[in-house]
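Working through the structure, step by step
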Amino acid sequence: MRIFNRLAAVFSVILLASLLGCAATATQQATGEYVDDAVITTKVKAAIFDAPTLKSAEINVETFKGVVQLSGFVNSKADINQAVRVAGAVPGVVSVKNDMRHK
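Read on for an overview of the structure.

1. A look at the overall build of the chain
- Counting its secondary structure elements, the chain contains three helices and three strands.
- The proportion of buried residues among the 103 residues of the chain is 24%.
- Considering only contacts within the chain whose residues lie at least 6 apart along the sequence, 58% involve residues at least 24 apart.
- Carbon and sulfur atoms make up 64% of the accessible area of the chain, which totals about 7,100 Å².

In structure tokens:
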């Protein structure tokens, strides 16, 4: 019975440690959040690529907890506005942070 109790205690400690290791903090994402953000980033990049007037190679996309950050240099203010609109329309996007600059 002692062996069973010790094994149960060890298992409980390992389980608790693994759950805490996957927990999110203010500056770090949980594993599931990271995967979700990677999917959002891919969808935003695809949506920007599909927009005929936007040059997707000039726009960088990063996502953290559903907040999409767009950066890079584009040809016009209209391109900036369109990229923000396109990114905001992607499912899962909480908000869009615009760090793009006009050339």
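From this point, things continue past the structure.
2. Some details on unusual backbone geometry
- Unusually for a residue other than glycine, K65 sits at a positive phi of about 55°.
- Take K65: it is sitting in the loop between β1 (59-64) and β2 (67-74).
- Using a relative accessible area of 33% as the deciding quantity, one classes K65 as partly exposed.

3. Details of helix α3 (residues 77-88)
- Its 12 residues give α3 an end-to-end C-alpha distance of 17 Å, which sits within 8% of 16 Å, the value for a rise of 1.5 Å per residue.
- Considered for burial, the residues of α3 that qualify are D79, I80, A83, V86 and A87. The buried residues of α3 occupy one face: seen down the axis, they fall within an arc of 130°. Exposed residues lying more than 90 degrees from the buried face of α3 are K77 and R85.

4. Regarding the environment of F73
- Inspection of the secondary structure puts F73 in strand β2.
- Separated by 13 residues in the primary sequence, F73 and N60 have C-alpha atoms spaced 9.2 Å apart.
- Beyond its immediate stretch of four places on either side in the chain, F73 contacts E58, R101 and K103.

5. Here we look at the pairing of β1
- Only one face of β1 is buried, namely the one carrying I59, V61 and T63, since none of N60, E62 and F64 on the opposite face is buried.
- Taking the residues that link successive antiparallel strands as the turn, the β1-β2 hairpin has two residues, and the phi of K65 there is positive, at about 55°.

Cut-off values and rules
- Residues numbered from 1 in each chain as written.
- Predicted model: local features only at pLDDT ≥ 70, side-chain atom pairs only at ≥ 80, totals over all residues.
- Heavy atoms only, no water.
- Helix = DSSP H or I, 4+ residues; strand = E, 2+ residues; numbered from the N terminus.
- Buried < 20%, exposed > 50% of the residue type's maximum accessible area, 1.4 Å probe, protein only.
- Contact = heavy atoms within 4.5 Å.
- Areas by Shrake-Rupley, 256 points an atom, 1.4 Å probe, with all protein chains shown as cover.
- Expected span 1.5 Å × (residues − 1).
- Arc of directions from axis to C-beta.
- Pairing = 2+ DSSP bridges.

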